[in-house]
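Residue strings, one per chain:
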Amino acid sequence: MFDKILIANRGEIACRVIRTARRMGIRTVSVYSDADAEAQHVKLADEAYHIGPPAARESYLLADVILDVALKSGAGAVHPGYGFLSENAGFAEACAKAGIVFIGPPCEAIRAMGSKSAAKQIMEAACVPLVPGYHGQNQDPAFLRVEADRIGYPLLIKASAGGGGKGMRVVWKGSDFEEALSGAKREAMAGFGDDHVLMEKYLTRPRHIEIQVFADSQGNALHLFERDCSIQRRHQKVIEEAPASGMTTELRAQMGKAAVAAARAINYEGAGTVEFLLDEDGSFYFMEMNTRLQVEHPVTEMITGLDLVEWQLRVASGETMPCTQEQLVIGGHAIEARIYAEDPNREFLPSIGKLRHLRTPAENAHVRIDSGVRQGDEVSIHYDPMIAKLVVWDSDRSAAIRRLQQALAEFQVVGVTTNTVFLGSVAAHPAFIAGEIDTSFIERHRSALFPEVAIASDRILALAALDLMLEQSDLALQRASASADPYSPWHQSNGWRLNFDNHHELYFIDGEQTTTVVVHYRPGGYVLDLPGGSLFVRGERGAGGDILADLGGMRVKATVVRHGNTITILDQGKSHLLTRHDPGAAGDEDEAAAGRLTAPMPGKVVAIMAEVGVRVGRGTPLLIMEAMKMEHTINAPCDGAVAEFHFEVGAVVNEGAELLNFAAEVEKTVV
Ligand code: MV4
């Protein structure tokens, strides 16, 4: 077994690998970029080495630099995690040549699965079922049309070099074929530099069922059952579970056998995943094989009670796998939800910023949280904005779903927008609970999963107002205790005044509207005039922003997180952000009217679309920013001209940075 391993990754997977290595008495080496200098995976490792600037291509993808660190640190092996170099055959080969063990499959196996059509040919030879179609070398359009008519419609054209859904075209009838083929080839060439395509029968409501496989260097190979990963958005997995709902013992055995055959076909070693499409009629077809440990591996660990990273380390060091197929059994049901700093109501735009408040559900036999961040860490534009993987387990699927709903409701994040409410909507959806799942689940239930953003309820307003009043009361008591005259009536914090109802007006900006809450001081509490009527409230502030409130006799526990004028109320699994409007403060100019246009998120300026001083109409694109592969165009707020751009193309800007000055065209008064 290795004395020391280097983890060539970051974030939650790096922390997760370190946790297992430490448990096994293996020392760990982390690598980090400038952006990760204070990251958890650096703090958890025994040693950590700086490898470059934030951009992955200048740090975590620098194979030679990472290999050099492995040699310099005396690491005997490198764990690549997932993403980055985990399926880079060249890196695996370079490790082997340098005498460093790559904790993963042989480089030949990685190469074999690198091309979709090559992978399909290997699987066909191994009698692994493929979707009926054509994946040969003949790309003559006339020949392909004949093949397409043979396969039948609807038909799917896929770029052989593609992946993750890129370069796919559905053809519903023969007369559309030629145009779809040329379009798919154009996209494939543009996207992957290779216009080779394959064609398949299009499955209209498939499920994504993947089988975890494992093989050692002594020729043993087995599977560790299936995971259902059908709930995806733009080919990004959102929720994964094991075992798959409705899976029969017979079908599981068939798919497991096919997956092991796939692994053996490429002399596999280590952890791998064979992905299948499962059709409504129970037919299943090889989709692709991932030659790495998957993000969602914890659900398999939770139902088998195994540590797959420990298996990886043992197998990579030459040991035989710790179990045989017959010894593996499924226990209970596990579900994983990927918690991201992204805004589901803005097309899942990444939400970048500081995790000012992060409180996770208690971990126990039913709840596991794999995370690479803590409260106070930054979610940056440089990497995948994952906050954590929330994994729950219970004796059956219904109980596991209840655990998931509860854990999501307890998952508190302030400082970035997250997808926890969206995930909760999926977990609570009747179709999900009934196991009616396929790859178009999110599209099919879009209206239920993306509800309109609601305005603050009376309950939310009452909690915000109460928190402000309790804070005032605490401050008054502090002032009194610090005063030479602590019993002065001016130190009273109960708003007591002679002969009239002393009250206070609070103004809350809630989205596009401002709501006023009038607070009347009363013995022991306050009467609040809320949109829905008046309510007597009282309460106390607890630790970590908790507030224990009595709202008209109803006891409520919530969390209130304050930051400047913003007040975030975390209550009943939802978070509502209000901004306290202080009339005395400087007016909030409309930034566009003032000619200032600021960056809506941190990112990089990728294009300047207008010329300084040249008149443009309202809505004309002025500048394009990019963050996490999403583009955001800054348009002219009105007729006028750019007076000055403050950044050049290539500049990295923070959220709120003033990008340009825009001179609005003065309205001509017609007399
Ligand atoms: C398909 C398919 C339907 N029929 N192939 C999407 C990306 C790549 N993993 C393969 N994908 C698909 N291939 C045939 N013949 C539907 C999908 C698909 C999908 C597959 C798995 C998980 C999510 C998906 C989302 C959209 C489409």
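Please refer to the structure higher up on the page.
Nothing here was measured: the structure is a model prediction, and the numbers come from that model.

Parameters and conventions
- Residues numbered from 1 in each chain as written.
- Predicted model: local features only at pLDDT ≥ 70, side-chain atom pairs only at ≥ 80, totals over all residues.
- Heavy atoms only, no water.
- Pairing = 2+ DSSP bridges.
- Helix = DSSP H or I, 4+ residues; strand = E, 2+ residues; numbered from the N terminus.
- Axes fitted to C-alpha atoms, helices over the stretch in contact; angles between N-to-C directions.
- Parallel < 35°, antiparallel > 145°, perpendicular 65-115°, else oblique.
- Left-handed = near helix turned anticlockwise from the far one by under 90°.
- Contact = heavy atoms within 4.5 Å.
- Nonpolar A, V, L, I, M, F, W, Y, C, P; charged D, E, K, R; others polar.
- Core = buried A, V, L, I, M, F, W, Y, C linked by side-chain atoms within 4.5 Å.
- Buried < 20%, exposed > 50% of the residue type's maximum accessible area, 1.4 Å probe, protein only.
- Near = heavy atom within 4 Å.
- Polar contact = N/O pair within 3.5 Å; in protein donor to acceptor, adjacent residues only side chain to side chain.
- Areas by Shrake-Rupley, 256 points an atom, 1.4 Å probe, with all protein chains shown as cover.
- Domains from an automatic or database assignment.
- Phe/Tyr/Trp six-rings, centres within 6.5 Å; stacked < 30°, edge-to-face > 60°.
- Lys NZ or Arg CZ within 6 Å of the ring centre and 35° of its normal.

## Overview of the pairing of strand 25 (residues 513–522)
No. 1: Bridge analysis of strand 24 (residues 503–510) against strand 25 gives 8 bridges, and the strand direction is antiparallel. Bridging from a neighbouring strand, I509 pairs with T514 of strand 25.
No. 2: What sits between strand 24 and strand 25 in their antiparallel hairpin is a turn of 2 residues, with G511 showing a positive phi close to 70°.
No. 3: Sheet analysis places strand 25 next to strand 26 (residues 525–530), joined by 5 bridges and oriented antiparallel. By the bridge assignment, V519 is partnered in strand 26 with L528.
No. 4: Hairpin connection from strand 25 to strand 26: 2 residues lie between these consecutive antiparallel strands, with G524 at a positive phi of about 85°.

## Observations concerning the packing of helix 7 (residues 141–151) against helix 8 (residues 177–192)
A pair of packed helices can be characterised by two numbers: the angle between their axes and the separation between those axes.
No. 1: Their axes nearest at 11 Å, the elements helix 7 and helix 8 cross at an angle of 120°. On the basis of their axis angle, the class for helix 7 and helix 8 is oblique. Remark: the crossing between helix 7 and helix 8 carries right-handed chirality. Mapping the contact onto sequence places P141, L144, R145 and A148 in helix 7 and F177, E178 and L181 in helix 8.
No. 2: Of the residues assigned to the contact of helix 7 with helix 8, the class counts are 5 nonpolar, no polar and 2 charged.

## Quick notes on the nonpolar core
Soluble globular proteins tend to pack their nonpolar side chains together in the buried interior.
No. 1: Grouped together as the largest cluster of nonpolar side chains are 39 residues, with contacts concentrated most on I231, I239, I387, L404 and F422.
No. 2: Elements with a minimum of two residues in this core: strand 12 (236–242), strand 15 (333–340), strand 20 (367–371), strand 22 (386–394), helix 12 (397–409), helix 13 (420–428), helix 14 (430–433) and helix 15 (441–444).
No. 3: Top contributing element to this core by residue count: helix 12, with 5 residues.
No. 4: Setting aside chain neighbours within four positions, we find F422 in contact with V238, P344, F348, I442, L449 and F450.
No. 5: The next biggest cluster of nonpolar side chains, apart from the first, holds 32 residues, and it includes A271, C323, L328 and M386.

## Section: the sheet that holds strand 25
No. 1: Judged by pairing direction, the barrel is antiparallel, and its 8 strands sit side by side in the order 24-25-26-27-28-29-30-31 before closing back on the first. On average, each strand axis in the sheet is tilted by 35° relative to the strand beside it, whichever way the strands run.
No. 2: The pairing of strand 27 (residues 533–541) with strand 28 (residues 546–551) spans 5 bridges and is classified as antiparallel. Among the inter-strand pairings, E540 is bridged to a residue of strand 28, identified as L548.

## Some remarks on the site of the ligand
No. 1: Taken together, 17 residues surround the ligand, and among them L156, E200, K201, L203 and Q232 come closest.
No. 2: The backbone of L203 places a nitrogen or oxygen atom 3.0 Å from a nitrogen atom of the ligand.
No. 3: Out of a free accessible area of 510 Å², the ligand has 90% covered by protein chains.
No. 4: Listing elements by their share of the shell around the ligand, those giving two or more residues are strand 7 (155–159), strand 9 (197–201) and strand 14 (284–290).
No. 5: By residue class, the composition of the shell around the ligand is 7 nonpolar, 6 polar and 4 charged.
No. 6: When residues are assigned to domains, the shell around the ligand turns out to be shared by domain 2 (132–201) and domain 3 (207–449), each giving three or more.

## Concerning the packing of aromatic side chains
No. 1: Under the counting rule described, the total for this entry stands at 11 aromatic pairs.
No. 2: Plain terms: the ring middles of F214 and W311 are 5.3 Å apart, the flat faces sit at 70° to each other, and that makes the pair edge-to-face. Of this pair, F214 sits in strand 10 (residues 207–215) while W311 sits in helix 11 (residues 308–316); the two residues are 97 residues apart in sequence, bridging distant segments of the chain.
No. 3: Geometrically, the ring pair formed by F348 and F422 is edge-to-face, given 5.2 Å between the ring centres and 80° between the ring planes. Here F348 is found in the loop between strand 16 (342–343) and strand 17 (349–350), whereas its partner F422 is found in helix 13, with 74 residues between them in sequence.
No. 4: F422 sits in the buried class, given a relative accessible area of 4%.
No. 5: Linked through ring pairs, Y60, F84 and Y383 together constitute an aromatic cluster.
No. 6: One residue, R397, lies across the ring of F432, its end atom 4.7 Å from the ring centre.

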